[in-house]
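Spelled out from the first residue to the last, the chains are:
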Amino acid sequence: MNKIQTPCRYDFVGSFLRPEKLKQARAQFKAGKISQQELDAVTDEAVAQVVTKQKAAGFSVITDGEFRRSYWHLDFMWGFEGVAHKAGGGVQFNGEVAELEDTWLVGKVKAKQHPFVAYFRFLKQFEDEQTVAKYTIPAPAQMFQQFIIPQNIESTRKIYPDNESLIQDIGKAYQQVIRQFYEAGCRNLQFDDCTWGAVVGDAAQQRYQALGLDLEDVKAQLLAVNNLALAAKPSDMVINSHICRGNYHSTFFTSGPYDSVADYVFAEEKVDALYLEYDDERSGGFAPLAKVSPDKKVVLGLITTKKPELEDKEAVIARIHEAAKYIPLERLCLSPQCGFASCEIGNKLTEAQQWAKLALVKEIAQEVWGE
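Per-chain numbering applies: the sequence of each chain, read as written, is numbered from 1 onward. Given that this is a predicted model, residues contribute local features only at a pLDDT of at least 70 and side-chain atom pairs are listed and counted only at 80 or more, while totals for whole chains, interfaces and linings are drawn from all residues. Side-chain metrics rest on all non-hydrogen atoms present in the structure, leaving aside hydrogens and water.

## Examining the confidence of the model for the protein chain
Here is the rule: pLDDT is a residue-level measure of predictor confidence that goes from 0 to 100. Contacts: residue pairs with any heavy atoms within 4.5 Å of one another.
Mean pLDDT over the protein chain stands at 90; residues scoring 70 or higher make up 91%. Low pLDDT, under 50, characterises residues 91–98; the stretch is placed with 25 contacts to residues that sit more than four places away or in other chains. Across residues 248–252 the pLDDT falls below 50, and counting only partners more than four positions away or on other chains, this stretch makes 27 contacts in the model.

Put into structure tokens, the structure is as follows:
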């Protein structure tokens, strides 16, 4: 059994820029010009190549770059019973509308054999003694939030009269899918979670007040659904969480420090580690890290994936030591603040710049921790 566990001292979140050949193949498939089998062949090759590059860059974790999905979150939701989707819709980010598919409930949320598990099996074949395969999925809270947003709440209430019953079904369905990943050999799973980033800051307070919702109740529900999903986690399986404020084509969704959610997610969420966005002033200071429970590690996302310019190494090292005033240095790791392509459109940098960012992460981590 592979003994490597995430997070690694120098790490990354999971998604990578799609190579041009894969982008073209996906466009051809959507246009009906190539078959699913032909698209799968191109995708398989692209995944194998990006894994090779991850290994060549000296990282101990490998992912499939999220190459098989259009969106970091919605595609996963489509793998449950009771979920429908269609083209159309979007979410306003900072200066740009993120094109997303409408995704809503048409029945009770239930687990079935999830297609992402087969995707993980393909990735796992590349695992070796020096690397561990990590798979990324949206957090249960992300799925819960998707079905209580204003445009979905009416259809959701026809199926679930209250949020508690929805939380119960999502949490239990996730337990089953986590078990599917485990049985496929997955020991390192990552929740990607924008819900905590959506409830921080003054804008969030105003947004939820306008919906007639108490923000503290919302936070308690996000924590409840995530922890319910984790309640049956096998003891030898690592599940971490990446907390984000939105990342679409180098734009963001929300701003605000972690202070107002630290008592929930930092202190009480039953994950093994937190990957935290800390690449600019929108994230606030490090003081909330003092609330992180002693059983968790923290991966500092100090290198941005939103811009191609490389960070100043000494400035990043200084920030790591600043964070270490609130949580011991040995419980800290380093990564970019998010993936490079949360959706297939990707961020505004080149593949060469992407790999340069990761080389900097590794260089800094080795200098700080000597490993």
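## Some points on unusual backbone geometry
With an omega dihedral of 0°, the bond running from threonine 6 to proline 7 counts as a cis peptide bond. We note that glutamate 66 has phi near 60°; this positive angle belongs to a residue other than glycine.

## A short note on the environment of glutamate 45
Inclusion rule: Helix and strand assignments come from DSSP, with helices taken as H or I runs of at least 4 residues and strands as E runs of at least 2, each series counted from the N terminus. Residue exposure (1.4 Å probe, protein chains only): buried if accessible area is under 20% of the type maximum, exposed if over 50%, otherwise partly exposed.
Mapped onto the fold, glutamate 45 is located in helix H2 (residues 36–56). Its relative accessible area of 36% is what places glutamate 45 among the partly exposed residues. Along the backbone, glutamate 45 and valine 83 are 38 residues apart, and their C-alpha atoms lie at a distance of 30 Å.

## Examining empty space enclosed by the protein
Remark: the empty space left among the atoms is shown by a probe the size of a water molecule rolled over them. As a reminder of what qualifies: In this analysis the probe radius is 1.4 Å and the grid spacing 1 Å, with only protein atoms considered; a cavity is a set of points the probe fits into but cannot get out of, a pocket is an open set with protein on both sides within 12 Å along at least five of seven lines, and lining residues have an atom within 4 Å of a point. Grid points are joined across faces, edges and corners, and a volume is the space filled by probe spheres set on the points.
Considering all chains together, one arrives at 2 cavities of 30 Å³ or more under this definition. Within this model, the second largest cavity holds a volume of roughly 30 Å³. Contributing to the lining of the second largest cavity are Gly14, Thr63, Asp64, Glu66, Arg69, Lys134, Tyr135 and Thr136.

## Concerning the packing of helix H12 (residues 313–323) against helix H13 (residues 351–369)
Note the following rule: The axes used here are C-alpha line fits, helices contributing only the stretch in contact, and every angle between their N-to-C directions lies in the interval 0 to 180 degrees. Under this scheme an angle from 65 to 115 degrees is roughly perpendicular, one under 35 degrees roughly parallel, and one over 145 degrees roughly antiparallel; angles in between are oblique. In a left-handed crossing the near helix is turned counterclockwise from the far helix by less than a right angle, and in a right-handed crossing that turn is clockwise. All residues other than Ala, Val, Leu, Ile, Met, Phe, Trp, Tyr, Cys, Pro, Asp, Glu, Lys and Arg, Gly among them, are scored as polar; the first ten of these are nonpolar and the last four charged.
Axis separation between H12 and H13 bottoms out at 10 Å; the angle between their running directions is 50°. Between H12 and H13, the interaxial angle falls into the category oblique. Along this stretch, H12 crosses H13, giving a crossing that reads as right-handed. The segment H12 lies against H13, with Lys313, Glu314, Val316, Ile317 and Ile320 engaging Leu360, Glu363, Ile364, Glu367, Val368 and Trp369. Split into classes, the residues belonging to the contact of H12 with H13 amount to 7 nonpolar, no polar and 4 charged.

## Thoughts on H2
Operational definition: In this analysis, the expected span of each helix is defined as 1.5 Å times one less than the number of residues it contains.
Here H2 is 21 residues long and its end C-alpha atoms lie 30 Å apart, about the 30 Å a rise of 1.5 Å per residue gives. When we look at burial in H2, the residues that qualify are Leu39, Val42, Thr43, Ala46, Val47, Val50, Val51 and Gln54. Contacts from the buried residues of H2 go to helix H1 (20–30), strand S1 (61–62), helix H4 (115–124) and H13. Of the residues flanking the end of H2, it is glycine 58, one or two places downstream, whose phi is positive at about 90°.

## Some points on the environment of valine 177
Following the sequence through the fold, valine 177 ends up in helix H7 (residues 163–183). Sequence separation between valine 177 and glycine 82 is 95 residues; the distance between their C-alpha atoms is 15 Å. Leaving out residues up to four positions away in the same chain, valine 177 has contacts with Phe76, Phe80, Ala111 and His114.

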